[in-house]
Amino acid sequence: MQRLQAFKYELIPDGQQARQMRRFAGSCRFVFNKALALQKERYERGEKKLSYAGLCKLLTEWRNSVETTWLADVPVHPLQQTLKDLERAYTNFFAKRADFPRFKKKSQSDSFRYPDPKQIKLDQANSRLFLPKLGWLRYRNSREVLGAVKNITVSQSCGKWFVSIQTEREVEQPLPQGGAIGIDMGVARFATLSDGSFYAPLNSFKRHETALRKAQQTMSRKVKFSSNWKKAKSRVQKIHSRIGNARRDYLHKTSTTISQNHAMVCIEDLPVRNMSKSAAGTTEQPGRNVRAKSGLNKAILDQGWAEFRRQLDYKLVWNGGHLIAVPPQNTSRTCPCCGHVSKDNRQTQAKFECVECGFEENADVVGAINVLRAGHARLACEVSGAVMPPAAGTHRSDSGVAQCRA
């Protein structure tokens, strides 16, 4: 099977190379914003938006124009890739997968991409790589790059430059290890498994919240764009970077452990974006329990549920496993013993007690068990090729906890 994988390293550029990379990133941002503004103007005039090929023709004109001659000093391929990113953003918007493209701001997600592997040279033995118009750059060689290089993305984060090397290689189809497991996501417990084990939440943002608040207050008292303001802003960025790095490290370790030890993982199909929406409301219709909902939203986003699911998805494929997402309705209200569904079954956040048969268990474990059963039911229906009605004597809730007739 073909495996696409990215290897990320920190670059060690000299002063001239760092200035060049800032110029390249700024030029890509300029081209993106100029193309987006042009597309919006055409839409307001009722004209059809330009395709990628049409924008590339305009890019050639911009590079030859007297007003923007400095674009000719930037490699053309990263500029073209910026236009491809804009085209992809429009496609995702019309497919309702993302919001409308927004203009890029300076020092936010500065990056550029080299798509042609023929222009790239990778010297792993000496921990360096060659990029057009940048020359040889040293990088922190923390692990070996496996496979053939497909493209390279250079990005800046917290004042440091990084390189992401995407490769492609042929690997043997792995055999899955372990059995099936259900996972219930939560705030008090990050992930509870149907076998009774659980992973405690890291709460990366909560741990650094006090330090972040003080750093932001210090920055707010500085004159904007002054030297002291830039120093204070750098401290805020470092704290944000530390929060993100800790969260990603925890999610990678947890998802790797689960994907390597289970052949099938069933997880709730949680609408994180809707769950974390603000409850403030409007002036005419103000919201209720705004402070409590704000704290819940912060806790949900601090866990990184969507990123955890994304990592589980591709890592299970790499290990020969399978990920099944099931609707989350009533997974914590359904008794796994008798199948009775009632909100009274879960009287507290942690305790589950069935009002019908008296079954008692931790509420998160019950949710994980129901998620696993719903995953088995969905898998059986997919194998049979049709969604069958529940068998006699079984209870079918919105979560899909049901059995399909063979």
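Residues numbered from 1 in each chain as written. Predicted model: local features only at pLDDT ≥ 70, side-chain atom pairs only at ≥ 80, totals over all residues. Heavy atoms only, no water.

## Observations regarding helix 1 (residues 15-44)
Its 30 residues place the ends of helix 1 44 Å apart at the C-alpha level, agreeing with the 44 Å of an ideal helix rising 1.5 Å per residue. N-cap assignment for helix 1: the residue whose side-chain oxygen lies 3.3 Å from the backbone N of Q16 is D14. Count one or two residues on from helix 1 and you reach G46, which has phi positive near 80°. (Helix = DSSP H or I, 4+ residues; strand = E, 2+ residues; numbered from the N terminus. Expected span 1.5 Å × (residues − 1). Polar contact = N/O pair within 3.5 Å; in protein donor to acceptor, adjacent residues only side chain to side chain.)

## Focus: the sheet that holds strand 2 (residues 111-114)
One open sheet accounts for 7 strands, arranged 2-6-7-1-5-4-3; its pairing is antiparallel. In this open sheet, the two edge strands, each paired with only one partner strand, are strand 2 and strand 3 (121-123). Sheet twist, expressed as the mean angle between neighbouring strand axes with direction ignored, is 30°. As paired elements, strand 3 and strand 4 (residues 128-131) share 3 bridges and run antiparallel to each other. Looking across to strand 4, one finds that L122 is bridged to L129. (Pairing = 2+ DSSP bridges. Axes fitted to C-alpha atoms, helices over the stretch in contact; angles between N-to-C directions.)

## Re unusual backbone geometry
Its identity as a non-glycine residue notwithstanding, S109 has a phi of 60°, on the positive side. By the element assignment, S109 lies in the loop between helix 3 (76-94) and strand 2. Overall, S109 belongs to the exposed group, its relative accessible area being 65%. Of note, C158 is a non-glycine position whose phi angle comes to about 55°, a positive value. Here C158 lies in the loop between strand 6 (148-157) and strand 7 (160-170). Judged by relative accessible area, C158 falls into the partly exposed class, the value being 25%. (Buried < 20%, exposed > 50% of the residue type's maximum accessible area, 1.4 Å probe, protein only.)

## Examining helix 4 (residues 204-220)
Helix length check: helix 4 (17 residues) gives 23 Å between terminal C-alpha atoms against 24 Å at 1.5 Å per residue, within 8%. Within helix 4, burial applies to S204, H208, L212 and A215. Where helix 4 is buried, its residues contact helix 5 (227-261) and helix 7 (290-303). (Contact = heavy atoms within 4.5 Å.)

## So, the pattern of salt bridges
Pairs may arise between side chains of opposite charge once their charged atoms sit close together. Tallying each qualifying case throughout the model produces 17 salt bridges. In this structure, D73 engages R23 in a salt bridge whose closest nitrogen and oxygen atoms are separated by 3.5 Å. On the criterion of sequence distance, the pair formed by D73 in the loop between helix 2 (52-64) and helix 3 and R23 in helix 1 is long-range, its members being 50 residues apart. The partner of K351 in a salt bridge is E353, and the shortest N-O contact between them spans 3.8 Å. Residue classification places E353 among the partly exposed positions, given a relative accessible area of 28%. Within this structure, R42, R45 and E47 form a network of salt bridges that share partners. (Salt bridge = Lys/Arg side-chain N within 4 Å of Asp/Glu carboxyl O.)

## Observations concerning the side chain of S259
Positionally, S259 belongs in helix 5. Reaching out from S259, the side chain makes a polar contact with the backbone oxygen of S255 at a distance of 2.9 Å. Of the polar contacts made by the side chain of S259, one reaches the backbone oxygen of T256; its length is 3.1 Å. The residues touching S259, leaving out its near neighbours within four places in the chain, are L312, K315, L316 and N319.

## Thoughts on the sheet that holds strand 12 (residues 322-326)
The sheet built from 5 strands is open, its strands ordered 10-9-8-11-12 with mixed pairing. Lying at the two open borders of the sheet, with one neighbouring strand each, are strand 10 (198-199) and strand 12. Two elements, strand 8 (residues 180-185) and strand 9 (residues 191-193), share 3 bridges in a ladder whose sense is antiparallel. Across the sheet, D184 pairs through a bridge with T192, a residue of strand 9. Docked against the sheet, helix 9 (residues 363-384) engages strand 8, strand 9, strand 11 (264-268) and strand 12, running at close to 130° with respect to strand 8.

## With respect to the side chain of N151
Tracing the sequence through the fold places N151 in strand 6. Looking at N151, the relative accessible area reads 16%, which means it is buried. One polar contact links N151 to Q166, side chain to side chain, over a distance of 2.7 Å. Once residues within four sequence positions are removed from consideration, N151 is found in contact with R113, Y114, P115, S164, I165 and Q166.

## Side note on the environment of Q173
For Q173, the location among the structural elements is in the loop between strand 7 and strand 8. When the C-alpha positions of Q173 and N319 are compared, they lie 8.2 Å apart, and in sequence the two are 146 residues distant. The residues contacting Q173, other than those within four sequence positions of it, are M1 and G320.

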